[in-house]
Amino acid sequence: MARVVNAAFSRYQWYSPITVRDYANYLGYIEKRYKTLYLLAWSPSGELAGYLQAYINPNLAEGFSGYIEEVAVDPRYQGHGLGSSLVVKTARRLYNETRHVYLNSVRGLEGFYEKLGFAIVDETVYYEASLTLFPERAVTVYTG
Ligand SMILES: CC(C)(COP(=O)(O)OP(=O)(O)OC[C@H]1O[C@@H](n2cnc3c(N)ncnc32)[C@H](O)[C@@H]1OP(=O)(O)O)[C@@H](O)C(=O)NCCC(=O)NCCS
């Protein structure tokens, strides 16, 4: 999973690769707190091609809400509908248990999520500790 995440996010200048150990710790942290859902997509040769991680967060607006935390498709498998399929399948699953589905998106993917039926509900700008603005890192919150 860490390999796919690193490969997918390497396109962003602000991204620093995560180690397998740190990623496992991070997933452990989420799993301890929330009901977590993983969706994995495999290539015909049995390689992990795409990955989505989501969870049910009882503290988001409107009470229990589904939250899509990570979507990553190995660059070699992008552009074939895998990313859309992971998001749509997960949103359907989450709607079985929640009334709302949220996610934070990097800038530039608004069109991708809007096509899948999401709409922007809030916009936030992140600042680094140095207070240097990273516009590419600004996130947009969506709900389906
Ligand atoms: C975003 C991502 C998951 C999409 O995966 P994918 O398998 O390539 O997506 P799809 O093939 O389902 O693409 C569906 C549509 O979205 C568009 N799209 C895909 N990636 C896009 C991008 N980075 N920017 C804008 N549009 C994008 C495609 O052009 C396609 O449009 P079309 O239907 O008109 O052809 C993949 O590009 C990725 O892993 N990106 C890096 C990590 C990332 O940004 N994750 C999301 C964080 S919020």
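Quick caveat: nothing in here was measured; it's all calculated off a predicted structure. Residue indices follow the written sequence of each chain, beginning from 1 at its first position. The model is predicted, so local features are restricted to residues of pLDDT at least 70 and side-chain atom pairs to those at 80 or more, both for listing and for counting; the totals for chains, interfaces and linings are taken over all residues.

Draft legend 1. Molecular detail of the site of the ligand. Proximity of a residue to a molecule or strand is defined by its backbone-placed C-beta atom lying within 6 Å of that partner. For the ligand, the set of nearby residues contains 19 residues, the closest of which are Ala8, Gln78, Leu82, Gly83 and Ser84. Helix and strand assignments come from DSSP, with helices taken as H or I runs of at least 4 residues and strands as E runs of at least 2, each series counted from the N terminus. Sorting the residues of the shell around the ligand by element identifies helix 1 (2-9), strand 3 (65-73), helix 3 (82-95), strand 4 (100-106) and helix 4 (110-115) as the ones contributing at least two each. Each residue gets one of three labels, nonpolar for Ala, Val, Leu, Ile, Met, Phe, Trp, Tyr, Cys and Pro, charged for Asp, Glu, Lys and Arg, and polar for the others, Gly among them. Grouping the amino acids of the shell around the ligand by side-chain chemistry returns 9 nonpolar, 9 polar and 1 charged.

Draft legend 2. A look at the environment of Gly50. Relative to the assigned elements, Gly50 resides in strand 2 (residues 48-57). Its 22 C-beta neighbours within 10 Å are what place Gly50 among the buried residues. For the pair Gly50 and Tyr77, spaced 27 residues apart in sequence, the C-alpha to C-alpha distance is 7.8 Å. Contact between residues is assigned whenever the C-beta positions, reconstructed from backbone atoms, fall within 7 Å. Residues contacting Gly50, with those up to four places away along its chain left out, are Val4, Ala41, Ala72, Val73, Asp74, Tyr77, Leu82, Gly83 and Leu86. Labels follow a simple rule on C-beta atoms placed from the backbone: if 20 or more others lie within 10 Å of a residue's own, it is buried; if 12 or fewer, it is exposed; otherwise it is partly exposed.

Draft legend 3. View of the pairing of strand 3. Of all 9 residues in strand 3, 7 are buried; the element is thus mostly enclosed. One requirement defines pairing of two strands: DSSP has to find at least two bridges between them. As paired strands, strand 2 and strand 3 are joined by 8 bridges and run antiparallel to one another. Pairing of Gln53 across the sheet is with Glu70, part of strand 3. For strand 3 and strand 4, the ladder comprises 4 bridges, and the chain directions are parallel. If you follow Ile68 over to strand 4, its bridge partner there is Leu103.

Draft legend 4. Representation of the confidence of the model for the protein chain in the model. The quantity called pLDDT is the predictor's confidence in a given residue, expressed from 0 to 100. For the protein chain, per-residue confidence averages 83 on the pLDDT scale, and residues scoring 70 or more make up 83% of the total. Within the protein chain, the element-level pLDDT minimum falls on strand 6 (residues 139-143), averaging 44, and the maximum on helix 1, averaging 96. For the stretch residues 126-144, pLDDT sits under 50, and the model shows 49 contacts to residues farther than four places along the chain or on other chains.

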